[in-house]
Each structure stands twice: as C-alpha cells, then as structure tokens.
Amino acid sequence: MGKIKYKIINHKRRPLCDYSETCKNLAYREVYPNLGEEDKEHYWCYLCKKHFLQEKNRLKGKLVYCSLD
C-alpha cells in the first residue's frame, strides 16, 4: 500500500483515487474491501465513483464503505 495522494481544492486536502497508480480522479468513497481477511496486499482506501461502482458490482454489493464529506 502506497502513500495517499491529495489534491488541494478550496484550501482543503481532498484524497485521490488509489485503485491504480494512474487514476487521478477525486475520491468518492472510502472503502474497506479486505476487512477481516489476512491478505492485505490488494487493499485500497479511497476510490473514485467509476472504480467504486465497478468494485461494488464485482463484489455483488458486499463492499464495506463510508462517504467522504
């Protein structure tokens, strides 16, 4: 897991999507896909709306997340 990247908008730090190294979109939700699993290697913290919906469909709605303010 790498560092969380941020973008400054209106003097506030907003996290960027960390699904892949090339995605530069603003984060939509904070997710916990591997909650309770031993393998934390493929763990992300923030997803943009595109990747959030993609992973939610892939996991058939079983995605633990919270919204960002």
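Further up the page is the structure itself.
Residues numbered from 1 in each chain as written. Predicted model: local features only at pLDDT ≥ 70, side-chain atom pairs only at ≥ 80, totals over all residues. Heavy atoms only, no water.

Chemist: How do you make sense of the nonpolar core when you look at a structure like this?
Modeler: A general feature of soluble globular proteins is that nonpolar side chains tend to end up buried together. Counting seven residues, the largest nonpolar core consists of C17, C23, V31, L47, C48, F52 and L63. Excluding residues within four positions of it along the chain, F52 makes contact with Y28, R29, V31, L47, L63 and Y65. (Core = buried A, V, L, I, M, F, W, Y, C linked by side-chain atoms within 4.5 Å. Buried < 20%, exposed > 50% of the residue type's maximum accessible area, 1.4 Å probe, protein only. Contact = heavy atoms within 4.5 Å.)

Chemist: I would appreciate a short explanation of the pairing of strand β1 (residues 6-9) in the present structure.
Modeler: The two faces of a sheet get side chains in turn, since along a regular strand they alternate between them. Where β1 lies against strand β2 (residues 12-15), four bridges are found, and the strand directions are antiparallel. Each residue of the ladder has a partner; that of K7, found in β2, is R14. Count of turn residues in the β1/β2 antiparallel hairpin: two residues, of which N10 carries a positive phi of about 55°. (Pairing = 2+ DSSP bridges. Helix = DSSP H or I, 4+ residues; strand = E, 2+ residues; numbered from the N terminus.)

Chemist: It is not clear to me how helix α1 (residues 49-58) should be interpreted in this structure. Could you clarify?
Modeler: The α-helix advances 3.6 residues per turn, and as a result positions three or four apart in sequence lie on the same side. Among all positions of α1, only H51, F52 and E55 are buried. In an axial view of α1, the angular spread of the buried residues amounts to 105°, which keeps them on one side of the axis. For α1, the exposed residues lying more than 90 degrees away from the buried face are K50 and N57. In this fold, the buried residues of α1 make contact with β3 (29-31), β4 (46-47) and β5 (65-67). Of the residues trailing α1, K60 is marked for its positive phi of about 55°. (Arc of directions from axis to C-beta.)

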